[in-house]
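So the chains spell out like this:
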Amino acid sequence: MNSFFNNKVVVITGGSDGIGKALIELLIPLGANISTCGRNTQKLQNLKDAFSSQQLFVMEADISNQNNCTQFIQSTLSHYGKIDILINNAGISMRSLLIDCDLDVIKKVMDVNFFGAVYCTKIALPALLQSKGTIVGISSIAAYRGLPGRSGYSASKFALNGWLEAIKTELLHTGVHVMWVCPGFTKSNIRNVALNEKGDAQGESPLEENNLMTSKECAQHILQAISKKKRTLILSAQGKQTVWLNKLFPSLADTLTYKFFFKKNKLIK
Ligand SMILES: NC(=O)c1ccc[n+]([C@@H]2O[C@H](COP(=O)([O-])OP(=O)(O)OC[C@H]3O[C@@H](n4cnc5c(N)ncnc54)[C@H](OP(=O)(O)O)[C@@H]3O)[C@@H](O)[C@H]2O)c1
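What comes next is a walk through the structure. (Residues numbered from 1 in each chain as written. Predicted model: local features only at pLDDT ≥ 70, side-chain atom pairs only at ≥ 80, totals over all residues.)

## Quick look at the pairing of strand β6 (residues 177-182)
Then step 1. When you tally the buried positions in β6, you get five out of six residues, the bulk of the element.
Then step 2. Inspection of the sheet shows strand β5 (residues 134-138) paired to β6 by five bridges, in the parallel sense. The partner of T134 across the bridge, within β6, is H177.
Then step 3. You can see the chain leave β5, run along helix α5 (residues 151-170) and come back into β6, and the turn it takes is right-handed.
Then step 4. Sheet analysis places β6 next to strand β7 (residues 232-234), joined by three bridges and oriented parallel. For V181, the partnering residue across the bridge sits in β7 and is L233.
Then step 5. Once you follow β6 into helix α6 (residues 215-227) and on to β7, the crossover reads as left-handed. (Buried ≥ 20, exposed ≤ 12 C-beta atoms within 10 Å, placed from the backbone. Helix = DSSP H or I, 4+ residues; strand = E, 2+ residues; numbered from the N terminus. Pairing = 2+ DSSP bridges. Right-handed = clockwise from strand over helix to strand, strands pointing away.)

## Focus: the environment of G184
Then step 1. Checked against the element boundaries, G184 lands in the loop between β6 and α6.
Then step 2. A residue is classified by how many C-beta atoms lie within 10 Å of it, and G184, with 20 of them, is buried.
Then step 3. When sequence neighbours within four positions are dropped, the list of residues in contact with G184 reads I141, M213, L235, S236, Q238 and G239. (Contact = placed C-beta atoms within 7 Å.)

## Re the sheet that holds strand β1 (residues 9-13)
Then step 1. With parallel pairing, seven strands are arranged side by side in an open sheet as β3-β2-β1-β4-β5-β6-β7. Single-partner strands in this sheet number two, and they are β3 (56-60) and β7. The sheet shows a mean angle of 15 degrees between the axes of neighbouring strands, direction not considered.
Then step 2. Examined bridge by bridge, strand β2 (residues 33-38) and β3 share five bridges and lie parallel to one another. Bridging across to β3, T36 finds its partner in V58. (Axes fitted to C-alpha atoms, helices over the stretch in contact; angles between N-to-C directions.)

## Thoughts on the environment of T232
Then step 1. Turning to its location among the elements, T232 is positioned in strand β7.
Then step 2. Put simply, T232 and I28 are 204 residues apart on the chain and 24 Å apart in space, counted from C-alpha to C-alpha.
Then step 3. Not counting the four nearest positions on each side in its chain, T232 is found in contact with M179 and W180.

## Let's talk about the packing of helix α1 (residues 18-27) against α6
Then step 1. Direction vectors running N to C along α1 and α6 enclose 65 degrees, while the axes themselves pass 8 Å from each other. For the pair α1 and α6, the crossing hand works out as right-handed. Judged by residue contacts, G18, I19, A22, L23 and L26 of α1 engage S215, K216, C218, A219, Q220, I222 and L223 from α6.
Then step 2. The residue makeup of the contact of α1 with α6, split by class, is eight nonpolar, three polar and one charged. (Left-handed = near helix turned anticlockwise from the far one by under 90°. Nonpolar A, V, L, I, M, F, W, Y, C, P; charged D, E, K, R; others polar.)

## With respect to helix α3 (residues 66-80)
Then step 1. Across its 15 residues, α3 extends 21 Å between first and last C-alpha, which sits within 8% of the 21 Å expected from 1.5 Å per residue.
Then step 2. Where α3 is concerned, the buried positions are C69, F72, I73 and T76. In a view along the axis of α3, the buried residues occupy a sector of 90 degrees, so they form one face of it. Within α3, the exposed residues directed more than 90 degrees away from the buried face are N67 and S78.
Then step 3. Looking at the buried side of α3, the elements it contacts are β1, β2, β3 and α4 (103-131).
Then step 4. Looking one or two residues beyond α3, the residue adopting positive phi is G81, at roughly 85 degrees. (Expected span 1.5 Å × (residues − 1). Arc of directions from axis to C-beta.)

## Comments concerning the packing of α4 against α5
Two packed helices can be described by the angle between their axes and the distance between those axes.
Then step 1. Between α4 and α5, whose axes approach to 8 Å, the crossing angle comes to 20 degrees. As summarised for this structure, α4 and α5 are arranged roughly parallel, according to the angle between their axes. The chirality of how α4 crosses α5 is right-handed. Where α4 abuts α5, its residues V105, I106, V109, M110, N113, F114, A117 and V118 lie against S151, G152, Y153, A155, S156, K157, A159, L160 and W163.
Then step 2. Looking at side-chain class alone, the contact of α4 with α5 contains 12 nonpolar, four polar and one charged residues. (Parallel < 35°, antiparallel > 145°, perpendicular 65-115°, else oblique.)

## A look at the nonpolar core
Then step 1. One finds V10 and L86 to be the most contacted residues of the largest nonpolar core, which totals 67 residues.
Then step 2. If sequence neighbours within four positions are ignored, L86 has contacts with V11, C120, T121, A124, L128, I135 and V136. (Core = buried A, V, L, I, M, F, W, Y, C linked by C-beta atoms within 7 Å.)

## A look at the pairing of β5
Then step 1. Counted residue by residue, β5 has five buried out of five residues, so it is predominantly covered.
Then step 2. Neither face of β5 is exposed, since T134, V136 and I138 on one face and I135 and G137 on the opposite face are all buried.
Then step 3. Relative to β5, strand β4 (residues 85-88) is paired through four bridges, and the arrangement is parallel. Bridging across to β5, L86 finds its partner in I135.
Then step 4. A crossover links β4 with its parallel partner β5, the connecting element being α4, and its sense is right-handed.

Everything listed is a geometric property; what it means functionally is a separate question.
See below:
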């Protein structure tokens, strides 16, 4: 893997926190040139300060906005002249039962997690065809097993996987590699900023994070899989069990998933 990323231009959406930031931390010493974006100016500034590297290009962009995606990808091309790898990483989650949820919450999650990836990939595709590059979607175990209280999130990740599988087939003989990664629970900021039923950040998450995979471990697995041109990557023992259980015994998976996410018939957020 060591030389694979050397001099490659890697675009990572949402690099100012969590898994995206961990990917940048690993890729810079490997000699990759990074372009990343996020919405929060201060977090982007912190990222620049942390690396102060010629290998890092940072831009404020909201990937749910098509024009922002165009500016971000075009600026990356103006800055580096090519794109070798696009990692569609930026994402948000939600915590609300459908009965309580403003529909805007589900739309917002779809706009970021699904359409953000569609916009960036479509705009970067000519450059990726030229470089015979790699398109990655950071998806989730929730793309294989619908999760209660996270229905919009699951929908966005099911959509992402289906869309990536379709374009992988379209691009089969072009030299462009397409893959999707499905992390299990990973330590990051995603649960704290998950949208509640009104679309506000939920703040503190009740999930005990101590035993979760770290963002760094997750990023290591992702880079290994990219360098080996894997088709998919499903992470964590619990994640793998969930995918198989759901495939073989979907009704049992309904019962067990309910037990995991509800205590005394109340959703755990
Ligand atoms: N952590 C987990 O347990 C887990 C499990 C499975 C899958 N995943 C997936 O992994 C990916 C990364 O999540 P994470 O856990 O690292 O989350 P995180 O710690 O919350 O980081 C998310 C990153 O995306 C950026 N972002 C969010 N919305 C954006 C938007 N509209 N436009 C541009 N940037 C945006 C955030 O910056 P700003 O807020 O400043 O925009 C931040 O840099 C997501 O796709 C998530 O669904 C995570």
